[in-house]
Each structure stands twice: as C-alpha cells, then as structure tokens.
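# Structure assessment
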Amino acid sequence: MPRPDRLAEAHDRLVAAIDQLVDGDEWRRFLDTARRFRSYSVSNLLLIFAQRPDATQVAGYRTWQSLGRQVCRGESGIAILAPCTYRRSDDTDGDEENGEHGRVLRGFKVVHVFDVAQTDGDELPSPPVHLLDGGDPHHVTERLAAVIGDHGYTFTLGPMPAGHAAANGVTTYDTRTVVVRDDLAPAQQAKTTAHELAHVLLHSPDGGERRDRAVCEIEAESVAYLVCGSHGLASDDYSFGYVATWALGDTDAVRATSERVITCAARILDALGDSAQAEQAA
C-alpha cells in the first residue's frame, strides 16, 4: 500500500481517538474552561511577551474570578490593547443581543490581563497529556536532527531558552534554531523533535501564508504522531490530548489539516529513508 494511504489511515485513527476522548465529562469541563481564554492578536502577544515572557495562560480580572481564582494582592497587570467599537446608526439588521453586525472600530484602549501564575484559587482542569517514556531504539531524534540541519537550522538538545521554561521544544525562526529539552526520555525527545521539524517545514515565516497558532500546533503534533507511529513509537497518550486541546475538541479542525499533515509527514519519512517501514515491522 502506498505510504500516503497508510498515513491517511493513521490520521483517521487520530481524529477518531480525539472524538472518543472529548466525549467525557472531565474533557467537556476542560474545554469549557479553555474557551474562556481569549485568542490574542500578534501585537498583543508581543506586548504580553515583552512584559511577562514566562506567561502561559492570561485572562482578565473578572474572567479569573469566574473560574474560581483571584488575582494575588500586589500583582501588576499585563497591559494590552482592546478594540473600541460602536454600532452604526444605520444598522437595522444587526444582532441585538451580541451586536455582531454593523459595528465600526473607533480605536483602542489599554486593558490589563493577568497570568495564571499571578492568581490563587481553584485548580484549572487539565487535559490528559502524558510524556512518552522509554527509549529511541531507531535513533529517530538523531536522524530527524540531521533533516533539521539540512534545512539550515541548528539543532540542540539542552535547556529551554528564556521565556520557554515550560516547553519541551522550541523553534526560533529568526535565529534558525531548534532546541529540545535534554531531560526528557529518549522517546519523548524523538516525538518533540518531529513536532519541531514540522514547524520548520510548515510554519516558517518565509514560507508564505501565516497560520493561526492553534492550527500550527494541530499540524505539528499530528505530523509528529504520524512520523513516530511509522517508527514504532506510540505517542497516543501525548498526541491525542495535545491535538484535542489546541482544536478545543473540534475534530473538524483536525480533519481540515489532514492534507498538509500527511504531505509533511510523507516528506519527513522520505528524508529519513526507506528504512522506516522495515523498522516499524521489526
């Protein structure tokens, strides 16, 4: 069977597994919480990073209260810009409740948000994402690192750069560097390296269309799942939860990326050589 067909079947398994995963009560609670966190513009992401580079989840004061958490006394907010809009006087077809039509941007105002580390209170629900354990008997990390090098990026196993302490890996496009944590199990290093290589191939700023962060993470982790599966490294316990989180449980969002994901995974497997299929069967 041609490789693209095998990859398509594996991608279908990923989508089906996410459908099953997000059907539980705990996952619905997690997704309801995740939807409370706004998506921020590139400008606001830069403002957040400049003021608090280690921020992971940010929200306004009242949003934190609605989630059972309180901003700690003495904490300074992160200043971002919020749009100010008004409804056109000639709009008669707009949504009266939500004001979704006929609104005009008037300008911006400064508002403040807070990182989860600046709050106390109820624990936030978290998805079941478990790091891989075990070895990398087929030296997948080393071979993927060579492919990363072939694309002009420097690969390093080491500590995370400043501002990325919670990450397992990070790709920095302007310096053309990829760093994967050196304290992960070899199997997790291989999966994370595949994830970062997918970012290199699919999401470099000089590659054309700029894609939403959530789409980038869905694509990168889906590619990692396919590449690892082709080398006998089961990443189900990590990849299913990770992809479902970024997709907010929407399997259509995962399915919509399938063509790019399968094409990228096939490209990586071709670069690794034809031994992948033999190794999987070994």
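This text follows the structure it describes.
Description of the structure in this document. (Residues numbered from 1 in each chain as written. Predicted model: local features only at pLDDT ≥ 70, side-chain atom pairs only at ≥ 80, totals over all residues. Heavy atoms only, no water.)

### So, the side chain of Thr-192
Following the sequence through the fold, Thr-192 ends up in helix 6 (residues 186-203). Among the residues examined, Thr-192 registers a relative accessible area of 3% and is labelled buried. When neighbours within four sequence positions are excluded, Thr-192 is seen to be in contact with Asn-168, Gly-169, Val-180 and Leu-184. (Helix = DSSP H or I, 4+ residues; strand = E, 2+ residues; numbered from the N terminus. Buried < 20%, exposed > 50% of the residue type's maximum accessible area, 1.4 Å probe, protein only. Contact = heavy atoms within 4.5 Å.)

### Examining the sheet that holds strand 1 (residues 58-59)
Overall, antiparallel pairing links the 3 strands, which are arranged 1-4-3 in an open sheet. Each edge of the open sheet carries a strand with a single partner, namely strand 1 and strand 3 (78-87). In the sheet, strand 1 pairs with strand 4 (residues 103-115) via 2 bridges, with the strands oriented antiparallel. Paired with Val-58 across the bridge in strand 4 is Asp-115. (Pairing = 2+ DSSP bridges.)

### Some words on the nonpolar core
Note on soluble globular proteins: their nonpolar side chains tend to be buried together. Counting 51 residues, the largest nonpolar core has Leu-144, Leu-197, Val-223, Leu-226, Val-227, Val-254 and Ile-268 as the members making the most contacts within it. At the level of secondary structure, the elements contributing two or more residues to this core comprise helix 1 (3-21), helix 2 (25-34), helix 5 (140-150), strand 8 (177-181), helix 6, helix 7 (213-229), helix 8 (236-246) and helix 10 (258-272). Leu-197 has contacts with Leu-144, Val-147, Ile-148 and Ile-268, leaving out every residue within four places of it along the chain. In this structure, Trp-64, Val-71, Phe-114 and Leu-124 belong to the second largest nonpolar core, which totals 7 residues. (Core = buried A, V, L, I, M, F, W, Y, C linked by side-chain atoms within 4.5 Å.)

### Things to note about the packing of helix 7 against helix 8
It is the contact of helix 7 with helix 8, at a shortest axis distance of 9 Å, that shows an interaxial angle of 160 degrees. Accordingly, the angle class assigned to the pair helix 7 and helix 8 is roughly antiparallel. As for how helix 7 packs across helix 8, the hand of that crossing is left-handed. Where helix 7 approaches helix 8, its residues Arg-213, Ala-214, Glu-217, Ile-218, Glu-221, Ser-222 and Tyr-225 are matched on the opposing element by Asp-236, Tyr-238, Ser-239, Phe-240, Tyr-242, Val-243 and Trp-246. A per-class count over the contact of helix 7 with helix 8 returns 8 nonpolar, 2 polar and 4 charged. (Axes fitted to C-alpha atoms, helices over the stretch in contact; angles between N-to-C directions. Parallel < 35°, antiparallel > 145°, perpendicular 65-115°, else oblique. Left-handed = near helix turned anticlockwise from the far one by under 90°. Nonpolar A, V, L, I, M, F, W, Y, C, P; charged D, E, K, R; others polar.)

### Quick word on the packing of helix 1 against helix 7
In contact at an axis separation of 10 Å, helix 1 and helix 7 are set at 120 degrees when each is read in the N-to-C sense. With respect to helix 7, the axis of helix 1 lies oblique. Crossing geometry of helix 1 relative to helix 7 is assigned as right-handed. Packed against helix 1, whose contacting residues are Leu-7, Ala-10, His-11, Arg-13 and Leu-14, the element helix 7 presents Ser-222, Tyr-225 and Leu-226 at the interface. The residue makeup of the contact of helix 1 with helix 7, split by class, is 5 nonpolar, 2 polar and 1 charged.

### As for the packing of aromatic side chains
The tally for this structure, following the rule as stated, stands at 3 aromatic pairs. Measuring from centroid to centroid gives 5.6 Å for Tyr-238 and Tyr-242, while their planes differ by 20 degrees, and the two rings are stacked. One end of the pair is Tyr-238 and the other is Tyr-242, both in helix 8 and 4 residues apart, which spans about a single turn. Exposure class is identical for Tyr-238 and Tyr-242. Each is buried. (Phe/Tyr/Trp six-rings, centres within 6.5 Å; stacked < 30°, edge-to-face > 60°.)

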